[in-house]
Every structure is written in structure tokens, then in C-alpha cells.
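Coordinates in review
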Amino acid sequence: MFPSMGISDVGILELLESDPRPTFVVATTATHSSTPIYANPALRRSKLLHDRVVELSESRHGTFWDWITVGGPPSTRSARTSVFENTCWTRTTVGKEWIVVGSNDEPPSGEMMRGLPSHSRGNSNSLLQEVAAPVTGTVTRTVPGTATATRNAGSSDDGEHGSIPPDFIADQESFVHVINMMDWATTPLGPLPHWPALLQQTFNQVLADSRPIVIYWGEQLTTLYNEAFSKLCGSKHPALLGKSVEDAWPDFCEKIKSAMSTTASKQRAGEEDEWRFFVEKADGSHEEKYLKWSIIPITEQNKCLGFIQPIQDTTSMRLWERRTKMLIDLGDMLVTARDVKSFWAKLIQELEACRPTYDIPLAILYSAEEDARSSSVAKVCRLEGCLGVPEGHPIAPSKLQLDGSDQGLSSSFREALESQNPILLQTKDGSLPSPLLDGLRWRGFEDPCREAVICPIRPTKEENVLGLLLLGLNPRRPYDNDYRQYISLLGQKLTTTLASTVLLEEEARRGRNIAEQAAYDQAMLKEKLTMQTREATESVQKFQQIAEFIPVGMCFGNQRGNITFANDAWHRITGAPQVNPLTPEGFLSCVIEEDKPNVQRAYEELQRTLTATIEFRVRRPVEDNYPLQHPIGSSPSFEKAGLDLDTDDGGVRHVLASLKAERGPDGSINQVLACLTDVTLHKKAAEEAIRKAQQAENLKRMAELATVGMYDMALDGRLLGANNVFYEMCGLERADLSQVSVKPFEFCVVDEDLPALKKTLATLVKEGKSQTAELRLKTKWTETDTNGNQIVAPRWVLATFMPVSNSEGAIQTFTGCLSDVSLQKWQFEKERQRKDEAIESKRQQENFVDMTSHEMRNPLSAIVQCADAVIGCLTKAQELVNTQPTQPNYNSANTSNPSTSAPDTPGGLCQEGTQLLRDSIDNAETIIACAQHQKRIVDDILTMSKLDSNLLSITPITVNPIHIAQEAFKMFEVEARRVDIDLTMVVDRSYTELNIEFLDLDPSRLKQVLINLLTNALKFTKNGPTRNVSITMSASKTRPEDRTSSVQFIPRATEVVWQGDGPASPVPAENRIYLMFEVKDTGQGLTEEEMSSLFQRFVQANSKTHVKYGGSGLGLFISRRLTEMQNGAIGVASSPGKGSTFAFYIEAQVPGKEACREARAAAEAVGNILKTSSNAVGRGPSKGPFTMAKPTKKLLGPQIEGVLLVEDNLINQQITRRDLINSGCAVEVANHGVEALEKLQNTNRADGQFPLSLILMDIEMPIQDGLTCTRRIRELEKLGHFKGSRIPIIAVSANARMEQIMEAKAAGCDDVLVKPFRIPELIEKMMTVTRPPEKAG
């Protein structure tokens, strides 16, 4: 019983009327449509929110309305909550007819929803350059705990909140300003304009993202991040920009690097991980954060250039889980209190036991009561317990007088007595005095609290405060909405549990009073009534009380069959009307027609035996809303057994009746007692049990027929049951498990996998979640392959472990299955072996090619340079001979016929010497031609190696195509002149009409094709009667075709997909140019059969070609592949005896203005170098190659005074040193890297006198190689050991693979020169790397 106007008298509408949170009610019965039938005052006061709800109900569609009427999609976090208009709503069903939808917070005002400024950008690509002006017309609002929602003016909002990228806020502009103003040149990334395009594009996208994202770029993993991540950096921003990953995550860098290594090898994103992180704020304090992250590689052409680390802030979720668990544990403890005194003790006890203690660093609990000694209504507070407060501390005196005293926090406690909500105390405003905090033993992070709350504890809002709880707030978390909600829920939990305790104590007191009153009444009755009357009255009262209390229907009938008495349970079960007396016909009208004969037979049996039992069915009235009766004392058993009993009985009740008759003195029945029990659910339970038994039998049969091993085990590993496949996998014999204890995992799993198995089972018990593990069993897996060979391998199984808990939630057993994955493991091992073999084969092939290239290029370099020197000396000698005056001949006998002069005369000797010099020069030029031919063979072998290994790639740069063609043309001028071939070059009008100056293409690959075609043209033309070779260069905007060309192009190869086949992205049509080259000769020509076999590997026109002309048969094959890789083609047209025409075209791109400007400046610089070299050396009458005679003036510029030559080969060392000295610079020689470091100490870059301008560094050297020496030099430069600017270093190597060239540049070399080389090439490289940068403007 409740007192008048108690809690049972409060209706739902009264509760909603007083609730400050917006709430409305929707009816869902068939007589109503799903429209709001009620809105409380809080919702009506928020006109904007109220209009949106009405509008949504009229449209009757949208995710929020579906959630109201149906219950929400299953993918949502909870079917009871949803977000609408930036507010979280809760849905509750009352009486199956009404849906109450209430918000979890007070609504924002209309002013807060309107007029919020926003900022946006027109193009994310401009983030790194300038800050765009803000754009109006959008409204952006961020709700704590939800994703940022952006709603354009005029757009519809039906409650769906997707992940929409937010507009940039004003702070974003300042962040981008920091990015643009930062000195990036001091970082490993270099100046901002020099960043790779991929890095700029990726960084722009990251800046536009609202999520915290970090980029780690390059080998040093340089850090870049967006504004969202800068908030996680705290005071470290913006110092972390441009730093390494060790600076960004000093505590987790190793884990991040490990994840980077894994994702880079797999070329895909890594799995997500989570950690706790403390953000250091500007005031030096720390903020607790929980972050979830993953690693995504940034790749280009299968090379990992960097990584992206998106970060998700899971702090709210983790804190909510931690705090919710604390509230649940607190509620479970407080409900056990029986009085208010024990309530305080259990509260402080549970707060102390709560783990972790981060959210309760300080707790002080006071009970409040009226001060009996005071005449006023002042209260006195008594200390019930505290946490983190030493005994006797002034902040928590044992007793507080709240009558005006300022002791401790008395003023704040007085304010809390009058407040309905917790009040906040802060050190910054003085409400939490700092002196009172000295000497406290802080819990949790052990940091002093800067804020605290005082929670008034009262049973109901109308009652007085019974207690005050002061809680120190977590110093590493802000007091935000989540924290306020947690404190609010804590206050509600304390209020409800205290109310229950007060009511329980009041009920106990009331029971004692009632018992005392009953005893007094009984004593009075004993005095007033006689013993016999009192006993009769008590018997009747007891019987009636029992009859009304028990759930069994009881009735009495007289000799005529009329029912004279029946309790409420009887009427509820039978549905009979409550009339007295009830005739037999009135009772039978309630019985189902089919069961009426059974009732008649029961009455007949009752006449004979005086007892009868019968089961029948009665109709259930429509207005009967009483629940069906569960079996007495057994409903928990139904829940344990998992029986889902449908309470819908179809309008029929099953009744079990027991009848007992009493005979009168005359032998006739004068009274009948009947007891009726509602057994409807008993019948359903029996049917459900039969169904589940059948289902269990079916499952057992399926388990026996399954192809996986299925088992059930106890926690100690004892087998409880398994199918046949499990026994076969484990190699066990079936046994009676009720008689024999079998622990299969202990002796069936190999010893090496037992620790992993035990760890998995321990995790299963600890976490209560399903686990999986891959295990090896001691039994062998056998299989027969297609050739009939038997395969024997270890048996691998994928074991699944699923916990089985009892009704109390304790894990008793675990079940699972064993899936045989031996075949997959065997196949994986075979694939791994094949992969290792392939990698080893590729490595051996590369080593062989490198060794061959190195051993052939080294002597070729010496041959070429020596031949150049010989030509130079002979040319100088020829000039000296030609300048000698002719000696007069005074022998008259010989003057008449000069032609008959003796060969030993001075004139004859001069002519013979001149001829010898010419022959020697021709021989030296032949040596150079042979060396160049040998070099081309080495290049072809290296190119074929790259093609076979799929390593050859196209690297377009901005060049002048005419200069590239002229370079190839000049390489064959001397050889053509030597064999009397007219070699010409023509630039077609189609090229000039397109106004082409520079194009983006790969010059080395273009030149390689031209060299191959010119080599063949000169080789097959030098012995013909007519010796003409011409190069024609043309261009077009459309792809050349056979019908518009002089040749028939070879179809593109489709059997191999080449790396770098085409550009990374399609060239725009407006910038696309097709360059076409024709090499035409007047050689012997080709037949149709010979042309059909061209452009194949190691194939020449016919079997006599190699004998007569030499060659390897690789040139045309390589040329075909190189043109196809540049999105072009190659073809031939020929007639026997008339010559051949070879033509090819490639795709190029028109570069931008900046690229053209840089290319033009580089071309001018190279032109000056070549002009200087040409003027310095001069050329003789024959326009031969560049030769190293002793110059008349210095070849090198003034910026090159001295060169340090690091070379271990004495021949190359001697030749290069001599040519450099002849070029006009001083030379110092070192034999290896260690000696080079010692020689550096004697230069003007250290404390010596030698004027060092440049270093020529050989790579392959003993003691210390060139790359190691280069790295050491760069390290010493960073440490400031050398004076002046950076020392230019040119690497000289016979290894020409691109990977080796890139490795040299990565080690610190400024450029790489591949052997064999000629002195003009070396001089050009030296002038390029030492040229000072041009000044702006």
C-alpha cells in the first residue's frame, strides 16, 4: 500500500508535463494513425523543433519516422535511440499502444540554430597556396558525440545524418596560413613548390578532411598533418610539422613503424589499432584521449613513397563504457542497503572499490539532518566517509554546521541544499579554494583536481536533502556534456536507490506498526467474544484469504449443482459471470462444445467415487486481459531451458479440474469442492519441449554427417562429446565418455602449438568471446595428386572455440569445430618456395648482368679515352707537319721532274709522314667506333635484362626533340664520313607548323631507338654503290596510320604487360603530340620473307647477315619494345636492291610554361659549356670527334679549380688525371674511400691548400666503396667539418641499371656518369653540377 498521493498516484502525463526535455507521444493501435497525439510544454516552447516534428509526421516518411513506427534498422547502435535535428531521442513503448519519444537533453534555442557563420573553399588544390574567401549560404553545426552535419539552405532534412565533410571554419584559414608560412626548406621535404605532385595532392586532400590525419613522407618519415590532428598535438603544434615520426609519436613510433613495414609489403591498408594518449595542452596539463588508427601506404609505380595515418577519436565511447560500468556496479551495491545508514557506508565502499579510479580522484560524503539544538531550520552535516583525504584534513571536518559558518566548504554545501542539480566548484573562480587542496592524496592520475561537483542526494525532488557527495573531477578530462551527463546519471542513480532504501525502511516501520495493531485487536477480540465464535470467524477469514490469494480457482457447489461460492481466480480462469448462485448451464456455456461430454462424464464418475479429475477447455472472454499463469515456481526454469512460450492462446484456456464430493447422512451428495488450475502454458511447455528434443536430435544427426570435426569440452580439456570426423582428425578411438576421461588436445596437438592453444583458451575464459587458432595435429595429412603421387604433410586445422555459459553467465564448457586446412597450408608452402626460388633466380641474373656490364665497361672507358688522346696527339702532330716550310731543292737534276723525287728526300718524307698520320687517325677513330659498338651491345644486353625482369620504365622529362635527334646524328657523322656515306637530317614542315619547342618524353629511350636504326642503316649501306642515309623528323596531333605513312607498322605486342607501359595517367588530347622519325637508306633492301622475321628476339634478316655484317639480333626487338612502351609503334618498308625505310613514332606531351622555362635555361647553360669547349679545343680540317690535344686555353669554367679523383683502377686513374690536367684544373688522386677522406683534410674545405671544387667518385673500390665514402662526406658536412658550400660529387660506375643510379643519388651523389665515357661528356657533367643557381629576377 502507498500513502495518499504517493508515487503510484503520479500519471504519465503529469510526469511529461514537468519534464524539461522535449517529448511527444504517438499512438500505434489500429484505431489511430501514427501521428503525434501529445506534445509536452518543453517541446511546444521550442517552436522550431515542434514544427519539424509536425512536418515529419505529416510527410510520414524518413529514417526518423521509420524508427518511431517500426523500431529502427538493425544496423543502428540501438533500436531505442536515434538522432534527429542534432538531438538524441529515446523511444519507449507503453502498453503496446503508445510510443513515448523523448529527447535526452534540453533543446537548443532558435538563435543557436540560425546565423552560424561558415567558411568553405572553392578548390582544395589551393590550400597550400592561398586562403580563399569564406562562402556564405550554408549552415554548419557540430553536435558533441555525433558526426558533423552540414545542411544547405533550402535542403530537406528527414533525420538522416550521414558522414558529410565539414566546411572549413575560420581557424582552418589560420592553420593553412601556418602551412604556407612555414620554412619547409629546412625540412627533409624541401621548399613547398618542389614537393612531388603526389605529395601535394595527398596533402591537399588531407587538409580538406575533418578527421585527424597524418602523412609520413619519404625515407625519413617526415610528418605532415591537418588541423584536426593539430588539436591532438596540443602545445607541440606547429613544431611537429616537418619532423620525423619519432617526434610525433615518441612512445609508439616503433609500433607505427612495424605497421608501416607490414602495409608497405602488402600494398594495402593495415588493421586498425587503438591506444590511450595524453595530449599536452598549452598550460602544461594533459588531456586523456583514446585514439584508433590505421596505416595506409602511398604508392606510385609499385614503390611506397609514404604513409597516411587516419585517426579516430574514441574517447567518448571508451569513457562512456568505463563510467557506465561504474554506475551499474554502484547500483548493484546500493540496492542491497536496508537503511539509510548502511546506504552511506555501501556508497563510499563502492566508490573506493571502483576501478579504474581516474573519474573519482576525490570523494567526500556527508549526511544531512536537522540540527536539534538550533531553533532555526539550519542543518548539520556529518562525515560518512571520504576518499583521498587524510584524517583531520580541513577540507573534510567530521561535522559541519550549515547555519552561516564558513568552515571548509560550508557555503558551497549550503548552496547545494537548495539546488536540484549538482553545482560546480572551480579553483579558477575561487569556489574551490586552492589552500584546501594542499595535502590531499589524489587518486587516479594523482594530479590535483581543478574542479569538483557537489551532488545533493534526496529521495525525491520534493523531499529534503539527506546527503551531500563532493566528487573531484578527472584532472585530465574537461567537464563537458559527456561528463555532465555522467554526473547527472550518477545523481539519478543515487536518488533512485536512496528512495528505494527510504521506502524499504518505511515499509519495515509500517509493518511493525501494523503487527502491533493486529496484536492489540486480537487481544480485544479475545476479551469480547467467546472462544467458539472467535475460532469460527478466524477459520472463515483464513479460508477466504487463502482462496483469494492462491492462483488456483476454488468453488463450492450444492446438491443441485449450483455454484454457491467461487474465488476470483475461478472466475478469471473459467470466464464465468460473477453471479450467486451460478447454475450448471451457466458454467457449461463457458466450456468448449467438444469438451462438454467430458465434463458430464466427470460428474457421473463423481457420483460413484466422490473424486474426479478432468481436463477441458474454456473460451476466454474478449475483455479478459489477465496474463496466462506460469507453472507455480517454475517460470525461471523456462528461461533457463530457453523455452520461448508464446502467450497468445488463441482465445482458449486449458483447465485441469480436481473434484471432491461430500455425502450427507442420506448418502446423497450435498456439497462439491472443485479446484481449477490454468494449465495452458503447461501444454505449450510440453509441446515446446517435444519440439526442442526433435530439434536437438536433428542437430545431432547433422553433426555426425558434417565434414568438419565438432566437439564439446569442459574447461579442463575433458571431451564431453564429438562427431566421427573429430575422432578421425585426432586419431582417437571412440569411447564411452561417461566412463572414460579423454583429453584429446593434450596428446593430439604438436608440442610447439600447445602454448598457443593454452593462451587461446585463457583468452576465451577471460573475455568470454569466441576465439580461433591454427593448430598442427600429430596425425598426418595425405593426398594423391593428378600424377598419382602421394602427398604426406603435417595436418593443419583451424580450431574454433565458442564459450557456453550457464544461466548465471559463468562459462562452464566450450564447443567448436576443427576445419582441415592442410591442403591450403601445403599449397601456401609450395607457393612460398616457388617465390623464393624466383627471387633467387632474379638476383643471380641481376648479379650476372651487373658483373658482365662492369667488366666490359671498365676497359671500354680506358679504350675510348686513350683513343681520343691518340687522335688528339696525332691531329696536333699533323698540324705541326703541315705548318713546316717546304725545303728548296737545289739539285737541278731533280727539278725537272718533281714527281720522281726520291722518297728519302725531305719532301717525300713529309708526304709519307702526313699519310701515316692520317692512317693512324683513321685507325684510332676505328677503335672508337668499335668501342662504341661494343658499348651498344652491352646496353642492349642490359636493356634485355630489364625487359625480361619487367623493370624497364619510361621517365619523361622536358627536352628539345630536335637536339635529341641531332645528338644521335652527330654520333654517326665521323663513321659516315669514313665510309663515304652521305648522312643527312631533315625536319619536316609538319613539325614546324605545330610550333614545337619542347616536349615531355624520355630522351634516352628515344635516342636508343634512333641509334639502333642508324647503326643498321650505315652497316647495310657502306658497301653499296649509292651510299645515302637520311633522317626525317615529323609531328602530328593524330596517331600515324599505315595508310598515311610510308611504312607498315608492326602490331602492338599483347603477350606481355610491360611496367611503365604508357603514362601513369592518359595524356589530354589537347596536349598530345606524336613524334615520327624515318631512317631511310640505299642499302641492299629486304624481301617480304625477311621483313616478316624482323623485330623478334635474336632474329636477323637471314642466316648470312651475322656472318657478313655482325650484330646480335637484339636491336630491332628492343626498339619495338621501347616504342610500344611510349605508346607508339615501329614499322618497315623495303624492296630488294633499292634500300629500306624504318619509321617509328612515340607519344609525347606539351609541357607547361614553367617546365619550358626551366628547360630553356638548362639548354642555354649546356650550349655555353659546349661552345666554350669547342672554342678551347678547336677542330682540324677533318670534322672529327672531340679530341684531347693540349689546349691553348682552359676548357673548364672558373668555378672548377681542383678535382679529387677517387679511382682504384690505375689505368683509368692515369688517363682521367691526364685529361683533366689538360683541361686546365688541378687533380688530386685517391685509391679508395678511406684515402679520399684523408685527402679531404688537405683541401681548402678543411685546413689544407688544395683548391677542391668537385669529387669524381668511383663506386666499386676496395677497403671502402664510393657510396659509403659519399655518405660519410655528407655526414661530415652536416656536422660542419667542411667549409664552404656543398661539395659536388659525381659518381663514376660501370653499373648502368636505374636502381644502381638511384642508389648512388640517394647516397648523396649529385649526378652519375656511366662508363665508358668521353672527356666532353665528363666536362659537361662537371660544369652542370658546379654551375651556381641563377638568381631570381
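All of these numbers come straight from a predicted model, not from anything done at the bench. (Residues numbered from 1 in each chain as written. Predicted model: local features only at pLDDT ≥ 70, side-chain atom pairs only at ≥ 80, totals over all residues. Heavy atoms only, no water.)

Another point: the overall build of the protein chain. Within the protein chain, the regular secondary structure consists of 39 helices and 42 strands. Within the span of the protein chain, comprising 1337 residues, buried residues form 42% of the whole. Of all intrachain contacts in the protein chain linking residues separated by at least 6 positions in sequence, the fraction that spans at least 24 positions is 62%. Within the structure as shown, the protein chain displays about 72,200 Å² of accessible surface, and the carbon and sulfur contribution to it stands at 53%. (Helix = DSSP H or I, 4+ residues; strand = E, 2+ residues; numbered from the N terminus. Buried < 20%, exposed > 50% of the residue type's maximum accessible area, 1.4 Å probe, protein only. Contact = heavy atoms within 4.5 Å. Areas by Shrake-Rupley, 256 points an atom, 1.4 Å probe, with all protein chains shown as cover.)

The subject of this paragraph is the pattern of salt bridges. Tallied over the full model, the rule gives 50 salt bridges. Taking the shortest distance from any N to any O, the salt bridge between Lys 289 and Asp 313 comes out at 3.3 Å. One end of the pair, Lys 289, is in strand β11 (residues 286-293); the other, Asp 313, is in strand β13 (residues 303-313), with 24 residues separating them in the sequence. Assessed through its relative accessible area of 15%, Lys 289 is described here as buried. Note that Glu 1124 is salt-bridged to Arg 1121, the shortest N-O span being 3.0 Å. (Salt bridge = Lys/Arg side-chain N within 4 Å of Asp/Glu carboxyl O.)

This brings us to the pairing of strand β41 (residues 1289-1293). Counting buried positions over the five residues of β41 gives five, a clear majority of the element. Burial along β41 is two-sided: the residues Ile 1289, Ala 1291 and Ser 1293 and Ile 1290 and Val 1292 are all buried. Note: strand β40 (residues 1254-1258) against β41, four bridges, orientation parallel. The residue bridging Ile 1255 from the neighbouring strand is Ile 1289, located in β41. (Pairing = 2+ DSSP bridges.)

Across all of its chains, the model carries three cavities of 30 Å³ or more by this definition. The calculated volume of the largest cavity comes to roughly 90 Å³. What lines the largest cavity is a set of 13 residues, among which Leu 1205, Glu 1207, Thr 1216, Val 1292 and Phe 1317 lie closest to the centre. If you list the elements that add at least two residues to the lining of the largest cavity, you get α24 (822-883), β38 (1202-1206), α35 (1210-1222) and β40. A per-element tally of the lining of the largest cavity places β40 first, with three residues. Of the residues assigned to the lining of the largest cavity, the class counts are six nonpolar, four polar and three charged. Taken as a whole, the second largest cavity encloses approximately 60 Å³ of empty space. What lines the second largest cavity is simply Ser 316, Leu 319, Trp 320, Arg 323, Arg 477, Asp 480, Asp 482 and Tyr 486. (1 Å grid on protein atoms, 1.4 Å probe; cavity = no way out; pocket = protein on both sides within 12 Å on 5 of 7 lines; lining within 4 Å. Points joined across faces, edges and corners; volume = space filled by probe spheres on them. Nonpolar A, V, L, I, M, F, W, Y, C, P; charged D, E, K, R; others polar.)

A word on a nonpolar patch on the surface. On the surface, a cluster of nonpolar side chains totalling about 420 Å² of accessible area is made up of Ile 12, Leu 13, Ile 37, Val 94 and Trp 98. Within the element layout of this structure, Ile 12 appears in helix α1 (residues 12-18). Here Ile 12 falls in the partly exposed class, since its relative accessible area comes to 43%. (Patch = residues over 30% accessible without salt bridge, like charges linked within 9 Å, V, L, I, M, F, W, Y side chains within 5 Å.)

This part takes up the sheet that holds strand β15 (residues 379-387). Read from one edge to the other, the open sheet built from six strands follows the order β16-β15-β14-β19-β18-β17, with strand pairing classed as antiparallel. Bordering the open sheet on either side are β16 (399-401) and β17 (423-426), each of which pairs with just one other strand. Between one strand and the next, the sheet's axes are offset by a mean angle of 25°, whatever the strand orientation. As paired elements, strand β14 (residues 362-370) and strand β19 (residues 467-472) share six bridges and run antiparallel to each other. What sits directly across from Tyr 366, in β19, is Leu 468. Helix α12 (residues 340-353) rests against β14, β15, β18 (451-457) and β19 of the sheet, and its axis sits at about 35° to β15. (Axes fitted to C-alpha atoms, helices over the stretch in contact; angles between N-to-C directions.)

A few words on the pairing of strand β4 (residues 87-94). Two strands pair when backbone bridges link them, and strand β3 (residues 81-84) and β4 are joined in this way by four bridges, in the antiparallel orientation. Paired with Ser 82 across the two strands is Trp 89, which belongs to β4. Hairpin geometry of β3 and β4 is characterised by an intervening segment of two residues between the two adjacent antiparallel strands and by a positive phi of about 55° at Glu 85. Of the pairings in the sheet, the one linking β4 to strand β5 (residues 98-103) comprises six bridges and is antiparallel in character. Bridge pairing in β5 links Thr 93 to Ile 99. The turn linking β4 back onto β5 is made up of three residues, and Gly 95 within it adopts a positive phi angle of 60°.

A few words on the packing of helix α36 (residues 1233-1240) against helix α37 (residues 1266-1278). Closest axis-to-axis distance for the α36/α37 pair is 9 Å, and the angle between their directions is 30°. On the basis of their axis angle, the class for α36 and α37 is roughly parallel. Handedness of the crossing formed by α36 with α37: right-handed. Of the residues in α37, those in contact with Gly 1233, Ala 1236, Leu 1237 and Leu 1240 of α36 are Cys 1269, Arg 1272, Ile 1273 and Leu 1276. Of the residues assigned to the contact of α36 with α37, the class counts are six nonpolar, one polar and one charged. (Parallel < 35°, antiparallel > 145°, perpendicular 65-115°, else oblique. Left-handed = near helix turned anticlockwise from the far one by under 90°.)

All told, the structure shown has zero disulfides when counted by the stated rule. Left unpaired, Cys 555 is separated from the closest cysteine sulfur, that of Cys 675, by 8.0 Å. (Disulfide = S-S within 2.5 Å.)

Spatial strand order, β21-β20-β24-β23-β22: five strands in an open sheet with antiparallel pairing. Each of the sheet's edge strands pairs with one partner strand only, and the pair in question is β21 (563-566) and β22 (611-619). When the angles between neighbouring strand axes are averaged without regard to direction, this sheet yields 25°. Sheet topology places strand β20 (residues 553-558) next to strand β24 (residues 669-678); six bridges connect them, and they run antiparallel. By the bridge assignment, Phe 556 is partnered in β24 with Leu 673. Sitting on the sheet, helix α18 (residues 596-609) is in contact with β22, β23 (652-663) and β24, with an inclination near 160° to β22. On the sheet, helix α20 (residues 680-705) packs against β22, β23 and β24 and is oriented at approximately 125° with respect to β23.

In this section: the packing of aromatic side chains. Within this structure, the stated rule accounts for 28 aromatic pairs. Ring geometry for Tyr 1074 and Tyr 1145: centres 6.1 Å apart, planes at 75°, overall edge-to-face. Of the two residues, Tyr 1074 is situated in strand β35 (residues 1072-1081) and Tyr 1145 in strand β37 (residues 1139-1149); the sequence distance between them amounts to 71 residues. Relative accessible area serves as the criterion here: at 3%, Tyr 1074 is assigned to the buried category. Taken together, the ring pairs connect Tyr 711, Phe 726, Tyr 727, Phe 745, Phe 801 and Phe 814 into an aromatic cluster. In this structure, Arg 323 is placed above the aromatic ring of Tyr 483, and the distance from its NZ or CZ to the ring centre is 4.2 Å. (Phe/Tyr/Trp six-rings, centres within 6.5 Å; stacked < 30°, edge-to-face > 60°. Lys NZ or Arg CZ within 6 Å of the ring centre and 35° of its normal.)

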